[in-house]
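Summary of the model geometry
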Amino acid sequence: MKIIVLGAGAWGSALAMSAAQHPAGHAVTLWARDAAQAQVMRSQAENTRYLPGIAFPASLAVADGDFHALLPGADLVIVATPMAALRDMLRALAGCTAPVAWLCKGFEAVPPDADLGTFGLMAHEVQALAAPDLIAGVFSGPSFAQEVATGQPTALVAASPHAAVRDALVRAFHSPSVRVYANEDIVGVEVGGAVKNVLAIATGLCDGLALGLNARAALITRGLAEMTRLGVALGARPDTFMGLSGLGDLVLTATGDLSRNRRVGLLLAQGQTLQQAVQSLGHVAEGVYSARTVAQRASVLGVDMPITRAVVALLDGELTPAAAVAQLMGRGPASELP
């Protein structure tokens, strides 16, 4: 297969490395927007900015400049940009006939005074507006880039209404170290990928305040209930949230030491400001940018998401870390099941 990965952050680089080492001998090109970064990666044979110390496979090509020159003959195009850049990238891919899959997880931020029906969207909703003719989907699941780049066992989910996209992702990445499951429920997979980042901030806050493992388990479990309620209201299948992109990704992101979103919660609990916490990461923590949009979508749909609301209030400076936890624990009794 000829595979083009657009975006040389940690996750795009890790997947390009994984595909380049596939037993089928794929031809993989990793494209970087920054020409200087691309030159460093070519000369050092690694992504020194995002995955330092992990060598590229010798077969992995690195490119920059106009990526359209790379597309002819492609069997799969991977969009590895942050959510904020997805809309423009999909517009630039209009007319591409190869299957396209994005990696970003989250909801678009809503500009001031913008229509929630035009912004604040999940990735597949963005694609429907920006490039409706693309045959596209999402590649998601519980995965840290560092572990994929070093060949540690990982399971991912290829979600799309189009069999051609699901099949291309399975062919490209299913290998001795990566197991890929196909799923038609793109709504459920994207809701899980977005909401788990918000919930990981809450869990990091809980751990940073040393509230114990009982509190962490409660947050993860009730967070999964929030995620499922929103997903079902948006048209997802409830069983999707018991899979890789729901429970699996939530557990990883809420408990793993490599989780950027969990790290934000830890740093806020230690007294850092949101700006300080984000700047210290060096990477994008999508939960910071999508939390408000998740809460807005939930409000429009009448879906109760108290953990998400508390995270938004914390990020907006309306609640201190201790007050956010007190607000959640001070809620009245309720039935566990709907």
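Read on for a plain summary of the structure. (Residues numbered from 1 in each chain as written. Predicted model: local features only at pLDDT ≥ 70, side-chain atom pairs only at ≥ 80, totals over all residues. Heavy atoms only, no water.)

Side note on the overall build of the protein
- Of the regular secondary structure elements, the protein holds 14 helices and eight strands.
- If one aligns the C-alpha atoms of the protein with their principal axes, the spans along those axes are about 60 × 40 × 40 Å.
- For the protein, restricting intrachain contacts to residue pairs at least 6 apart in sequence, the fraction spanning at least 24 positions comes to 68%.
- Within the structure as shown, the protein displays about 14,100 Å² of accessible surface, and the carbon and sulfur contribution to it stands at 55%.
- Averaged over its 22 positive side-chain charges, the protein has a centre that lies 3 Å from the centre of its 26 negative ones. (Helix = DSSP H or I, 4+ residues; strand = E, 2+ residues; numbered from the N terminus. Contact = heavy atoms within 4.5 Å. Areas by Shrake-Rupley, 256 points an atom, 1.4 Å probe, with all protein chains shown as cover. Lys, Arg positive; Asp, Glu negative; His and termini not counted. Charge placed at Lys NZ, Arg CZ, Asp CG, Glu CD.)

A closer look at the sheet that holds strand E3 (residues 61–63)
- Read from one edge to the other, the open sheet built from eight strands follows the order E3-E2-E1-E4-E5-E6-E7-E8, with strand pairing classed as mixed. Of all strands in the sheet, those with a lone pairing partner are E3 and strand E8 (178–183), marking the two edges. For this sheet, the mean angle separating the axes of adjacent strands, direction not counted, is 25°.
- Where strand E1 (residues 2–6) and strand E2 (residues 27–31) come together, five bridges link them in parallel fashion. Residue pairing across strands places Ile3 opposite Val28, the latter belonging to E2. (Pairing = 2+ DSSP bridges. Axes fitted to C-alpha atoms, helices over the stretch in contact; angles between N-to-C directions.)

Considering empty space enclosed by the protein
- All chains considered together, the criterion is met by one cavity of 30 Å³ or more.
- What the largest cavity holds in volume is close to 50 Å³.
- Listed by contribution, the elements that provide at least two residues to the lining of the largest cavity are strand E6 (136–140) and helix H7 (186–208).
- With three residues, the single largest contributor to the lining of the largest cavity is H7.
- Per-class residue counts for the lining of the largest cavity are four nonpolar, three polar and two charged. (1 Å grid on protein atoms, 1.4 Å probe; cavity = no way out; pocket = protein on both sides within 12 Å on 5 of 7 lines; lining within 4 Å. Points joined across faces, edges and corners; volume = space filled by probe spheres on them. Nonpolar A, V, L, I, M, F, W, Y, C, P; charged D, E, K, R; others polar.)

Notes on the pattern of salt bridges
- Throughout the structure, instances matching the rule amount to 14 salt bridges.
- Across the pair Arg49 and Asp34 runs a salt bridge, and its minimum N-O distance is 3.5 Å. In this pair, Arg49 sits in the loop between helix H2 (35–44) and E3 while Asp34 sits in the loop between E2 and H2, placing the two residues 15 residues apart along the sequence.
- Given a relative accessible area of 46%, Arg49 falls into the partly exposed group.
- Between Asp207 and Arg262 there is a salt bridge, and its shortest N-O distance comes to 2.9 Å. Here Arg262 lies in helix H10 (residues 260–269) and Asp207 lies in helix H7, a separation of 55 residues in the sequence.
- Classification of Asp207 by relative accessible area gives buried; the value is 17%.
- Classification of Arg262 as buried rests on a relative accessible area of 8%.
- Salt bridges sharing common partners tie together Asp207, Arg216, Asp257 and Arg262. (Salt bridge = Lys/Arg side-chain N within 4 Å of Asp/Glu carboxyl O. Buried < 20%, exposed > 50% of the residue type's maximum accessible area, 1.4 Å probe, protein only.)

Description of the packing of aromatic side chains
- Tallied over the entire structure, the rule returns two aromatic pairs.
- Judged by centre distance (5.3 Å) and plane angle (75°), the rings of Trp31 and Phe67 are edge-to-face. Note that Trp31 is positioned in strand E2 and Phe67 in the loop between E3 and strand E4 (76–79), a separation of 36 residues in sequence. Like Trp31, the residue Phe67 is buried in the burial classification. (Phe/Tyr/Trp six-rings, centres within 6.5 Å; stacked < 30°, edge-to-face > 60°.)

A few points about the nonpolar core
- Judged by nonpolar contacts, the single largest core of 75 residues is most densely connected at Val77, Leu93, Trp102, Val191 and Leu230.
- With 12 residues, H7 is the single largest residue contributor to this core.
- Filtering out sequence-adjacent residues up to four positions away, Val191 remains in contact with Met122, Met227, Leu230, Gly231, Leu234 and Phe241.
- One finds Ala8, Met17, Ala168 and Phe173 within the second-largest nonpolar core, a separate group that totals 40 residues. (Core = buried A, V, L, I, M, F, W, Y, C linked by side-chain atoms within 4.5 Å.)

Comments concerning the packing of helix H8 (residues 213–233) against helix H9 (residues 244–255)
- It is the contact of H8 with H9, at a shortest axis distance of 11 Å, that shows an interaxial angle of 140°. With respect to their mutual orientation, H8 and H9 come out oblique. The chirality of how H8 crosses H9 is right-handed. On H9, the residues that touch Arg216, Ile220, Gly223, Leu224 and Met227 of H8 are Gly246, Leu247, Leu250, Val251, Ala254 and Thr255.
- Looking at the contact of H8 with H9, its residues break down into seven nonpolar, three polar and one charged. (Parallel < 35°, antiparallel > 145°, perpendicular 65-115°, else oblique. Left-handed = near helix turned anticlockwise from the far one by under 90°.)

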